[in-house]
Amino acid sequence: MDELNKFCENYEVRVLNDSKRRARYHPARFFTNPMRADIIQKDTVAYETEKVYTVEIPEGRLRTLVEMERKFFNYINHRGKPIDMFQMLMDKEREEAHYRHTNQAVQKAYEQYSIMLNLAGYQKKF
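Our subject in this report is the structure included herewith. (Residues numbered from 1 in each chain as written. Predicted model: local features only at pLDDT ≥ 70, side-chain atom pairs only at ≥ 80, totals over all residues. Heavy atoms only, no water.)

Before going further, it helps to examine the environment of Pro58. Of note, Pro58 is situated in the loop between strand E2 (46-56) and helix H2 (59-73). Sequence separation between Pro58 and Arg14 is 44 residues, and the spatial gap between their C-alpha atoms is 9.4 Å. Beyond its immediate sequence surroundings of up to four residues, Pro58 is in contact with Tyr11 and Glu12. (Helix = DSSP H or I, 4+ residues; strand = E, 2+ residues; numbered from the N terminus. Contact = heavy atoms within 4.5 Å.)

Within the secondary structure, Leu65 sits in helix H2. Between the alpha carbons of Leu65 and Tyr11 there is a distance of 8.6 Å; along the sequence they are 54 residues apart. When neighbours within four sequence positions are excluded, Leu65 is seen to be in contact with Phe7, Tyr11 and Ile57.

What follows covers the packing of aromatic side chains. Under the counting rule described, the total for this entry stands at one aromatic pair. Between Phe7 and Tyr11, the aromatic rings sit 4.9 Å apart at their centres with planes inclined by 40°, giving tilted as the arrangement. Phe7 sits in the partly exposed class, given a relative accessible area of 37%. Its end group placed over the ring of Tyr110, Arg100 keeps NZ or CZ at 4.0 Å from the ring centre. (Phe/Tyr/Trp six-rings, centres within 6.5 Å; stacked < 30°, edge-to-face > 60°. Buried < 20%, exposed > 50% of the residue type's maximum accessible area, 1.4 Å probe, protein only. Lys NZ or Arg CZ within 6 Å of the ring centre and 35° of its normal.)

Okay, unusual backbone geometry next. Within the chain, Glu12 stands out as a residue other than glycine whose phi angle is a positive 55°. Under the relative-accessibility criterion, Glu12 is labelled partly exposed at 47%.

Read these as layout, nothing more, since geometry by itself doesn't imply function.
As structure tokens, then:
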């Protein structure tokens, strides 16, 4: 099952129509060489098409997606300060990796913790 179908199944999205297409174009790029204005790169307009889906989604599932986007891609308030949740999670992951690589005891504890999670049936999904 591909990612789109899994997403649709998870959020109860039903595709009503997928037979339409829309054109997307990439305009020509002029004056891209700062030293010479007479050089033109990609002087033709490139077109590509992509499918357009007509979907049906329950209001509750749509609100869940809106809330998820607000939390992960917009700033939210935490202790009176706005933070970017996605950036905060990435920073935490980097910090934990740094501690594992610089401290052998932390690395050993992390390996044992990972083994226990694996034995309990947890699989980290990438």
